[in-house]
Amino acid sequence: MIIKNLFKSTCLVAGILFSGVLLSATNDPGDKFIKEGIWRGVFTVSETQVPFNFELKGKDPEHAVFTLLNGSRRDNFHVQRLGKDSLFIKMNTYDAALVAKINDDGSLTGEYRSLVPNFRGNSLPFTAEYGKNYRFVEPGKDVPPAEDLTGKWEIKTYSKDPVPASIALLKQKGNKITGVVMTVVGDTREIEGTVQGDEFALSGFTGPSPFIIKGKINADHTLTGEEGFGIYKNLKFDAAKNADVELPDPYKITFLKEGYKKLDFSFPGIDGKQVSLSDDKYKGKVVIVEVIGTWCPNCTDQTVFLSPWFNKNKHRGVEAIAIGFEQKDSLAYAKYTLGKLKEKYNIQYDIAFGGLADKKLVSQKLPALNKFIAFPTTIIIDRKGDVREIYTGYTGTVTGKYHEDYEKKFNKVLDELIAEPAPETVTASVAADKPSNQ
């Protein structure tokens, strides 16, 4: 394994971070640090190379900002020093990190590592070179593209296990191509790449495991290729341009079983208190329940949307609860991971721990649901405590009109439910809580 001795210390690093103690950054004149500017990195996943780009600003760990670049998207991370020639870049609220050694020629060699205690997941080796701002093809070596792939593509994926339907939204200018792949459970975030002759490739790395999609343009204008989800799986696919294709309605995928009108649960909160919909603070309120995980990029994107929305609207008679299902079945660990999420995104609603990140477990703990297929899932409850809407997955801003439609309907549903009168059984102070037009 590359720089094996360096990564023997990674578990120790994880323990230090888990206990909340910061790594110290030395500034000895003999210490190495990575150059400011644009870099090109390459992950090795089995026999596949997955390129990514990043920018470093700052001449020392105290001031450095490490930014992953994906099309128009920017994700910032802090850099910490592991030794005179080694660096540790925590992927913010994802319990993973890039751990790298600075070589004598200034290049980087390292691995993307899980920091989940006692988790023996595969690591991804990578290398990175300074001053290279291309992703797949060096400047001057482009081959004229055989076709413009701009448009909406219906993707058919082949797997022995059920795979959600997916759609690619692509924009091409010359050889450069950007876009996103959407499924019923979420999206890939923004990806970017190139079209060279009759071949194409796009990749994305925003902190969670990297993604790549590549393939060939066929004579009949269809696509054939493969999707790679980092350390998780690789899937073969065919795709055809289809301006009318749509995914299943995310409001109709998850629903309550026959005979159920309400959701019932009680989970430990990360503040030490039990969280239940029967608590007085939720009575007579509209409640948004989010089923999330800190390991899940679409859950983070949904939190980025919901947290400021809630902070702006909480005076209107609305509450929210995030139920986190984490990579380790430990309340102490969940307090760490979910606590980091709460701190980074200024979450002012309750956060509870549901257990291990397993869809079957979620279904068992929320038995009123017909099924559970996606982190995140949004459950909207009215003032009477009845479930009114359930949204499966999340539609990120990179999807354009799809996100705009999501936001528009979300606000419409919440405005209507907030405007409904509270039950007479609720105390006068809560019943008098009227929606604001501000």
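Residues numbered from 1 in each chain as written. Predicted model: local features only at pLDDT ≥ 70, side-chain atom pairs only at ≥ 80, totals over all residues. Heavy atoms only, no water.

**Student:** Got a minute to help me understand empty space enclosed by the protein in this structure?
**Tutor:** To find leftover empty space, one rolls a probe the size of a water molecule over the atoms. On inspection of all chains with the given rule, the structure shows five cavities of 30 Å³ or more. Of the volumes computed, that of the largest cavity is approximately 90 Å³. If you trace the largest cavity, you find it lined by Trp153, Ile155, Ala168, Leu170, Val181, Ile191, Phe200, Leu202, Ile213, Leu223, Phe237 and Ala239. Going through the elements one at a time, strand S10 (151–158), strand S11 (166–173), strand S15 (199–204) and strand S18 (234–241) are the ones with two or more residues in the lining of the largest cavity. For the lining of the largest cavity, the residue count by class is twelve nonpolar, no polar and no charged. Empty space within the second largest cavity amounts to approximately 50 Å³. (1 Å grid on protein atoms, 1.4 Å probe; cavity = no way out; pocket = protein on both sides within 12 Å on 5 of 7 lines; lining within 4 Å. Points joined across faces, edges and corners; volume = space filled by probe spheres on them. Helix = DSSP H or I, 4+ residues; strand = E, 2+ residues; numbered from the N terminus. Nonpolar A, V, L, I, M, F, W, Y, C, P; charged D, E, K, R; others polar.)

**Student:** What exactly am I supposed to notice about the sheet that holds strand S1 (residues 37–45) here?
**Tutor:** Two modes of strand pairing occur in sheets, parallel and antiparallel, and in both the strands are linked by backbone hydrogen bonds. Spatially, the nine strands line up as an open sheet ordered S4-S3-S2-S1-S9-S8-S7-S6-S5, and their pairing is antiparallel. On the outer flanks of this sheet lie strand S4 (73–78) and strand S5 (80–83), each paired with one strand and no other. Averaged over all pairs of adjacent strands, the angle between their axes in this sheet comes to 30 degrees, without regard to strand direction. Here strand S8 (residues 108–114) pairs with strand S9 (residues 124–130) via five bridges, running antiparallel. When the bridges of S9 are listed, Leu108 appears paired with Ala128. (Pairing = 2+ DSSP bridges. Axes fitted to C-alpha atoms, helices over the stretch in contact; angles between N-to-C directions.)

**Student:** Just to check I follow, could you spell out helix H6 (residues 401–419) for this structure?
**Tutor:** Given 3.6 residues to a turn, an α-helix orients residues that are three or four positions apart in the same direction. Compared with the 27 Å implied by 1.5 Å per residue over 19 residues, the 27 Å span of H6 between its first and last C-alpha is a close match. Within H6, the full set of buried residues consists of His403, Tyr406, Phe410, Val413, Leu414, Leu417 and Ile418. In an axial view of H6, the angular spread of the buried residues amounts to 125 degrees, which keeps them on one side of the axis. More than 90 degrees from the buried face of H6, the exposed residues found are Lys401, Glu404, Lys408 and Lys412. (Expected span 1.5 Å × (residues − 1). Buried < 20%, exposed > 50% of the residue type's maximum accessible area, 1.4 Å probe, protein only. Arc of directions from axis to C-beta.)

**Student:** Before we go on, may I ask you to explain the side chain of Thr337 in this structure?
**Tutor:** With respect to the helices, strands and loops of the structure, Thr337 is situated in helix H4 (residues 331–344). Exposure remark for Thr337: the relative accessible area of 2% places this residue in the buried category. Within the structure, Thr337 has its side chain in polar contact with the backbone oxygen of Ala334 (distance 3.4 Å). (Polar contact = N/O pair within 3.5 Å; in protein donor to acceptor, adjacent residues only side chain to side chain.)

**Student:** I would appreciate a short explanation of the packing of aromatic side chains in the present structure.
**Tutor:** When we look at a pair of aromatic rings, we describe it by the centre distance and by the angle of the planes. Counted according to the given criterion, the structure contains 27 aromatic pairs. Ring geometry for Phe52 versus Phe126: centroids 6.1 Å apart, planes at 65 degrees, classification edge-to-face. Linking Phe52 in strand S2 (residues 48–57) with Phe126 in strand S9, this pair joins segments that are 74 residues apart in sequence. Put simply, the rings of Trp39, Phe43, Phe52, Phe54, Phe66, Phe77, Tyr112, Phe126, Tyr130 and Phe205 touch in pairs and so form one group of aromatic residues. Note that Lys409 overlies the ring of Tyr251, its terminal NZ or CZ placed 3.9 Å from the centroid. (Phe/Tyr/Trp six-rings, centres within 6.5 Å; stacked < 30°, edge-to-face > 60°. Lys NZ or Arg CZ within 6 Å of the ring centre and 35° of its normal.)

**Student:** Can you help me understand the pattern of salt bridges in this one?
**Tutor:** As enumerated under the stated definition, the model contains 24 salt bridges in all. Residues Asp104 and Lys32 are paired through a salt bridge, measuring 2.9 Å at the closest nitrogen-oxygen approach. You can see Asp104 sitting in the loop between strand S7 (96–102) and S8 and its partner Lys32 sitting in the loop between helix H2 (10–18) and S1, a full 72 residues away along the chain. On the basis of relative accessibility, which here comes to 28%, the residue Lys32 falls in the partly exposed class. Each of Arg73, Asp75, Arg189 and Asp301 takes part in salt bridges that share partners, so that together they form one network. (Salt bridge = Lys/Arg side-chain N within 4 Å of Asp/Glu carboxyl O.)

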